[in-house]
Amino acid sequence: MLSGPPQVLQVVREQITRTLSLKPTSLELFKTRVNALNYSEILKLRQTERLHQEETLAVPVLELRERLKPELLELIRQQRLLRLCEGTLFRKISSRRRQDKLWYCRLSPNHKVLHYGDVEEGVVPHLFCSPVPVADMKALLVGKECPHMKEKSSGKQNKDVLELAFSIVYDVEEYCLNFVAPTRYEFCLWTDGLNVLLGKEMTSERTQTDLDVLLSMELKLRLLDLENISIPDNPPPVPKPPSNLNFCYDFSHAEQ
């Protein structure tokens, strides 16, 4: 039985089911096609299928999707900020390649300050002496743009670290607060949340995945009463106005 984080299990399950649908004729061919279906390829397939599905949807449903997007994106933004308020343990990468030291960072409940500090003997500090005001944040850097990643080589281990690295540039002599996320999932949540604080769009692949899931669920709920009923592409014609309005009740006269 498979075990692990739900996101990883979902990708592995999709790798297997998509490969089996191609009916490989040998075990070696099965392994080759499974390895070719990495996470980025699955995301591309999902996006292509989503676009194809949208093309087959009725025009009113597509219009409803567009009306729902701003509300659901705001929901995702709030979730990202709540995650930052919970805080995360980050690894410290030193020149000696030691990764046993940790530090902790979280956003204040009022979303105005980022607090961070070293973790001593596995105990997360309750008081932080190194706050970074959100108002002083200038930019978010990721990957090779980060100061602590510029001298990394092209090895596999360093490549994995590059995909998890991000930095905040803030207004203290252009000082940077450097991060290496524990997982790709945390990387997406933190970079999305920091972009929200900077007033920018959320750009991680996780945002599109979450938006697709929420849109699908919300559409199904909104259209639940219309199940098995065909939705026309065009609205029905507006009937002609009546010849007179004598049937309207006159509320200006008080009842006797």
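Before any of the text, the structure's been laid out above.
Basis of the calculations
Residues numbered from 1 in each chain as written. Predicted model: local features only at pLDDT ≥ 70, side-chain atom pairs only at ≥ 80, totals over all residues. Heavy atoms only, no water. Pairing = 2+ DSSP bridges. Helix = DSSP H or I, 4+ residues; strand = E, 2+ residues; numbered from the N terminus. Core = buried A, V, L, I, M, F, W, Y, C linked by side-chain atoms within 4.5 Å. Buried < 20%, exposed > 50% of the residue type's maximum accessible area, 1.4 Å probe, protein only. Contact = heavy atoms within 4.5 Å. Phe/Tyr/Trp six-rings, centres within 6.5 Å; stacked < 30°, edge-to-face > 60°.

## Focus: the pairing of strand S3 (residues 113–118)
- In this sheet, S3 lies alongside strand S2 (residues 102–107) in antiparallel orientation, the contact comprising five bridges. Within S3, the position partnered with Cys105 by the bridge is Tyr116.
- The hairpin formed by S2 and S3 contains five residues between the paired strands, and His111 there has a positive phi angle of roughly 65 degrees.
- Sheet topology note: the S3/strand S4 (residues 130–133) ladder contains four bridges and is antiparallel. For Tyr116, the partnering residue across the bridge sits in S4 and is Ser130.

## A short note on the nonpolar core
- Formed by 44 residues in total, the largest nonpolar core has its most connected members in Leu114, Phe166, Phe179, Trp190 and Leu194.
- Among the elements that take part in this core, helix H4 (residues 59–86) stands out by supplying seven residues, more than any other.
- Look past the residues within four positions of Leu114 in its chain and what remains in contact with it is Cys105, Arg106, Leu107, Ser130, Pro131, Val132, Met137, Ile168, Trp190 and Leu194.

## Looking at the packing of aromatic side chains
- Applying the stated criterion across every chain, the model contains 10 aromatic pairs.
- With centroids separated by 5.2 Å and ring planes inclined at 80 degrees, the aromatic side chains of Phe90 and Trp190 adopt a geometry described as edge-to-face. Note that Phe90 is positioned in strand S1 (residues 88–91) and Trp190 in helix H6 (residues 184–197), a separation of 100 residues in sequence. Neither residue differs from the other here; Phe90 and Trp190 are each classed as buried.
- Centre to centre, the rings of Tyr170 and Tyr175 are 5.6 Å apart; their planes meet at 75 degrees, and the pair counts as edge-to-face.
- For Tyr170, a relative accessible area of 6% corresponds to the buried category.
- On the accessibility criterion, Tyr175 (46% relative accessible area) is partly exposed.
- Among the aromatic residues, those joined into a cluster by ring pairs are Phe90, Trp103, Tyr116, Phe166, Phe179, Phe187 and Trp190.

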